Amino acid sequence: MPSPSSPAPSRRSRDSSIRSTGKKDDEASVTYGSTWGDEIDNVMPSLRGRRLTAALAFVAGTGFTLFGYDQGVMSALLTANQFEKSFPQVITTGSSVGNHATLQSFVVAIYEIGCLIGALANLWVGDYLGRRKTIVLGGTIMIIGAILQTTSFSYTQLVVARIITGLGNGLNTSTVPSYHAECSPAARRGSFIMIEGSLITFGIMISYWIDFAFYWLTGSSAQWRVPIALQIVLAVVMVCGVFFLPESPRWLAKHGRNAEALAVISALEDKPYTHESVQLTFHGIREAISAESRSGRTEMSALREVFTGGRQQNFRRMFLGVVNQCFQQITGINLITYYATLLFERLGLNDVNSRIIAAANGTEYFLASLIAIFLIDRVGRRPLMLFGAIGQTITMVLLAILGSINNPATQIVSAVLLFVFNTFFAIGWLGMTWLYPAEIVGLRIRAPANAFSTASNWIFNFMVVMVTGPAFNSIGWGTYIVFACLNAFIIPVVYFFFPETAGRSLEGMSNVLSAMACYLTNALDMDVVFSGGLS
């Protein structure tokens, strides 16, 4: 099938563009693109092989470092004297603070509302613009939002600026994982995406240490303006880097730009486009697109198809991604990420020590996340999710018990347990929720499905961040009991309903979900389907 940029060929020329390699009636044995040679050469990416893979990882990683930096930067600023001077609404200590705990949570959590809007906007923007242009748009919006945050002189301006920044981040976080997954081989896809998860924590770690460095500028508003402004550097690097990268081959093939898709696959694998492995990858993508087109009505939009069942199990796949992202947030991780400094202050540490321990906590969080990179493709997705959820449940129970006792000794142990919680989360859930939703859905609905799953992340992120301040003010250590129950709930749901995706091509997951639907239709034991029979 020629690309749209080529003149419409005759039937004879279309037939001649596929040259048989000797296996009669075997579609998998054909060579695609025999008449596209010149066009493929013209659109061949300048980077190839390891250099291209490294560039993709760098740009995607920069996007996730920016994401992490944005999450962590407000943690220590909330109690910085110059920040409180500029925005007295966030002060929660004193005799007449009124509803300041809610206002403090609101200025932090409103960022998630912007991210939610951006993720939902990707329902329409993502497939129309393509992965690269969407990332550029998201990065540009983040730069504008960061400039507005840096120049804020009122609480209202800061709130609006954080919404705008979140809008750009929502576009990016619902696009970058799919883009990177679609450009990665199945055998290494998990480790590549988990590296991105580690870079989220790298961004959080950097933000904590930068906040601490600027904490000493007690006489200047640079104490909080510079840490917020530094995210602009990361956004600029990401936007500029995208211009050196090709578009996703799966998006190109879906939109009929087959010569470009074949050229990108050839560059990614660093092999000629006639090579067997390049041809098989391209054939798999074409087959997945064809199968998904046959399974749904051609006039149905991808957004509407998300809510259909049938052989492709589109709704089930989308819902698994939504639930996966929801679970990441209700673990309570952002209880620590956004409020680390405040949590350590509640444990009796002074301003300086609480910031040092919070920065150390972020550093340990980053180091723990590296473990998952080496385990994800060896152990699989399900075991890591279960391991994380079990460890997180136990940790939250212990935090609640120690919080009810509340003496100097238990405060020290509680501080250690916050490090332990981060370790379990980093291994089991940090990068998982950016990898799993991108793997579980089919190409035809990938953009809207990932928009929904990312929107789920931001909805529950907002809920957790918004209620944390008032919850600690109202029920104290009882907050940990709530999160212990939520973590315990995750365990059976993952065990019974989440299929394994490790080692399978993105197109191959269509067959897995179809098989699952057949098994369920025949009323086979669900534990066999989700735990053993198809893993």
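### Examining the overall build of the protein
Secondary structure assignment for the protein yields 27 helices and two strands. Within the protein, the fraction of its 535 residues that count as buried is 58%. Looking at the protein as shown, the accessible area adds up to about 20,500 Å², and 66% of this sits on carbon and sulfur atoms.

### Overview of the packing of aromatic side chains
One pass over the full model with this rule turns up 20 aromatic pairs. Residues Tyr365 and Phe425 carry aromatic rings whose centres are separated by 6.4 Å and whose planes lie at 55° to one another, so their mutual orientation is tilted. Taken together, the residues span a long stretch of sequence, with Tyr365 in helix α20 (residues 351-379) and Phe425 in helix α22 (residues 408-428) at a distance of 60 residues. The pair Tyr365 / Phe425 is uniform in exposure class, with both members buried. Note on Tyr495 and Phe496: the rings are 5.0 Å apart at their centroids and 90° apart in plane angle, and the pair reads as edge-to-face. Accessibility expressed as a relative area gives 37% for Phe496, which makes it partly exposed.

### Comments concerning the pattern of salt bridges
Pairing between side chains becomes possible if they bear opposite charge and their charged atoms approach one another. Under the defined criterion, the tally for this structure stands at five salt bridges. Between Glu182 and Arg131 there is a salt bridge whose closest N-O contact spans 2.9 Å. Residue Glu182 is found in helix α9 (residues 176-182), and its partner Arg131 is found in helix α7 (residues 131-150); the two are separated by 51 residues along the sequence. Comparing Glu182 with Arg131 shows no difference in burial state: the two are buried. Between Asp377 and Arg381 there is a salt bridge, with its nearest N and O atoms 3.0 Å apart. Relative accessible area serves as the criterion here: at 26%, Asp377 is assigned to the partly exposed category. With relative accessibility at 0%, the residue Arg381 sits in the buried group.

Thresholds, definitions, all that
- Residues numbered from 1 in each chain as written.
- Predicted model: local features only at pLDDT ≥ 70, side-chain atom pairs only at ≥ 80, totals over all residues.
- Heavy atoms only, no water.
- Helix = DSSP H or I, 4+ residues; strand = E, 2+ residues; numbered from the N terminus.
- Buried < 20%, exposed > 50% of the residue type's maximum accessible area, 1.4 Å probe, protein only.
- Areas by Shrake-Rupley, 256 points an atom, 1.4 Å probe, with all protein chains shown as cover.
- Phe/Tyr/Trp six-rings, centres within 6.5 Å; stacked < 30°, edge-to-face > 60°.
- Salt bridge = Lys/Arg side-chain N within 4 Å of Asp/Glu carboxyl O.

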